[in-house]
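# Secondary and tertiary structure notes
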Amino acid sequence: MKDESPLLFVSVSQLPIHWIGEGGIELRLDLFPSIDFGAIRSFLMGAKGPVLFTIRPQRGVSWEERRALILHLLDLEPPFFDLESDIDPSFFDLVVQSFPKTKWIVSQHVFEKTEIDWNSLLLSMRREGAWGYKMALSLQSTVDVMKGLLWASSQEKVSLICMGSDAQFSRVLGPLFGHQVGYACAETAVAPGQLHFADLESIYYYSRLNPKTAIFGLIGDPVDKSVGHLYHNQVFRERGIDAVYVKMRVTAEELPEFMRLSPLLKIRGLSVTMPLKEKILPFVDEIASEALPIGAINTLLFDRGKVWGTNTDG
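Anyway, here's the lowdown on the structure attached to this text. From a predicted model like this one, the values you see are computed outputs, not experimental measurements.

## Describing the packing of aromatic side chains
Per the counting criterion, the structure on display carries nine aromatic pairs. Where Phe80 meets Trp131, the ring centres are 5.0 Å apart and the plane angle is 75 degrees; that geometry is what we call edge-to-face. Note that Phe80 is positioned in strand β4 (residues 80–84) and Trp131 in the loop between α4 (118–125) and β6 (132–137), a separation of 51 residues in sequence. On the basis of relative accessibility, which here comes to 6%, the residue Phe80 falls in the buried class. Arranged with centres 5.6 Å apart and planes meeting at 45 degrees, the rings of Phe216 and Phe236 form a pair that is tilted. Of the two residues, Phe216 is situated in strand β9 (residues 214–220) and Phe236 in helix α8 (residues 228–238); the sequence distance between them amounts to 20 residues. Three or more aromatic residues joined by ring pairs make a cluster, and in this case those are Phe9, Phe80, Trp131 and Tyr183.

Here you go:
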């Protein structure tokens, strides 16, 4: 697993913006009401952190117009620029050679939920001169997200951005799995499931997360109303524990595969809520005596290759 911390870009859709810190800023130029090159140049000159230009294809804008706009923006020498993997290869080669000060993120977006052939997708994205690869995908389940995180952790220059509220936990865990970049919003989310940058830091302490951070969490269906992540992460911070607690929606049908994958992701412990409190029993190696008469488990500990379970409700 890679040791570098990801660069967090906070996405904004207009200028001016209230300064939000010294991290990276993504200018989602395709969402800007209008593009003021003078304002963008001034912003670049005063930026305290790296700036990423992103301009997705827009309806009604021809390739010739888009090409000219990208070249005009590149004259500003942005530190980072995002281009889609299906852009004309000859144009990509041209800008890489012509603008050596800019680092290139090659991105791929799949908005419909589908099975992903990870290796083939990455192979189709490979470009000479790319600084990194961003895969923004709508995966079908928490189990698929887990598989994606495991795969991405073994690849160079790959950042997996899982879209949707059910995959939000993966945006928190990026630093644990070697992502190069992460994304948050300054106000309104510009992508499905995107978290506010202040929540990433104040709740999850994102800047401190690293490949050695222990993973704890809540599983069940639903989990969105739970406030357990607020309490547990605060306790971890107050006690100086290098750990993070996230919520994961897991259905009964997913449970067998989820439990198989959990040790691979080095999950250390889980809270269990409905409808999994009874269904989790077959996957537990040792059950605390106080949980036996209850016939249900709400707490799991993964330790030395075994799963230990108890119930704190009683």
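From this point on, the discussion continues.
## Quick look at the pattern of salt bridges
Enumeration over the complete set of coordinates arrives at 12 salt bridges. Residue Asp166 is joined to Arg249 by a salt bridge in which the shortest nitrogen-to-oxygen separation is 2.9 Å. One end of the pair, Asp166, is in the loop between β7 (158–162) and α6 (168–173); the other, Arg249, is in strand β10 (residues 243–249), and 83 residues separate them in sequence. Residue classification places Asp166 among the partly exposed residues on the basis of a relative accessible area of 35%.

## Details of helix α2 (residues 63–74)
Under the 1.5 Å per step criterion, the end-to-end length of α2 is 16 Å for 12 residues, consistent within 8% with the ideal 16 Å. Those residues of α2 that fall on the buried side of the exposure criterion are Arg66, Ile70, Leu73 and Leu74. Looking straight down α2, one finds that the buried residues subtend no more than 100 degrees of arc, so they occupy a single side. Considering only its buried residues, α2 is in contact with α1 (37–46), β3 (51–54), β4, α3 (89–98) and β5 (103–110).

## Considering the sheet that holds β6
In space, the eight strands of this open sheet follow the order β7-β6-β5-β4-β3-β2-β1-β8, with parallel pairing throughout. Looking at which strands have only one partner, the edges of the open sheet turn out to be β7 and β8 (181–185). Geometrically, the sheet is characterised by an average inter-axis angle of 25 degrees between neighbouring strands, direction not taken into account. Bridge count between β3 and β4: three bridges; the pairing is parallel. Residue pairing in the sheet places Phe53 in a bridge with Phe81 of β4.

## A short note on the environment of Leu15
Within the element layout of this structure, Leu15 appears in the loop between β1 (7–12) and β2 (24–28). Given the relative accessible area of 22%, Leu15 is considered partly exposed. Separated by 220 residues in sequence, Leu15 and Val235 have C-alpha atoms that sit 38 Å apart. Every residue in contact with Leu15, bar those within four places of it in the chain, is listed here: Leu27, Phe32, Ala39, Ile40 and Phe43.

## Structural notes on the nonpolar core
Counting residues in hydrophobic clusters, the biggest one holds 83 residues, and the most contacted among them are Leu27, Phe53, Met135, Ile219, Phe258 and Leu300. A per-element tally of this core places helix α5 (residues 142–153) first, with six residues. Setting aside chain neighbours within four positions, we find Phe258 in contact with Thr142, Val143, Met146, Ile219, Met248, Val250, Ile267 and Leu270. Within the second largest apolar cluster, nine residues are counted, among which are Ala136, Ile161, Met163 and Val181.

## Side note on the environment of Leu292
Looking at the element boundaries, Leu292 is found in the loop between β12 (286–287) and β13 (299–303). We classify Leu292 as exposed; its relative accessible area is 54%. Separated by 56 residues in the primary sequence, Leu292 and Phe236 place their C-alpha atoms 29 Å from one another.

What counts, and where the lines are drawn
Residues numbered from 1 in each chain as written. Predicted model: local features only at pLDDT ≥ 70, side-chain atom pairs only at ≥ 80, totals over all residues. Heavy atoms only, no water. Phe/Tyr/Trp six-rings, centres within 6.5 Å; stacked < 30°, edge-to-face > 60°. Helix = DSSP H or I, 4+ residues; strand = E, 2+ residues; numbered from the N terminus. Buried < 20%, exposed > 50% of the residue type's maximum accessible area, 1.4 Å probe, protein only. Salt bridge = Lys/Arg side-chain N within 4 Å of Asp/Glu carboxyl O. Expected span 1.5 Å × (residues − 1). Arc of directions from axis to C-beta. Contact = heavy atoms within 4.5 Å. Pairing = 2+ DSSP bridges. Axes fitted to C-alpha atoms, helices over the stretch in contact; angles between N-to-C directions. Core = buried A, V, L, I, M, F, W, Y, C linked by side-chain atoms within 4.5 Å.

Read these as layout, nothing more, since geometry by itself doesn't imply function.
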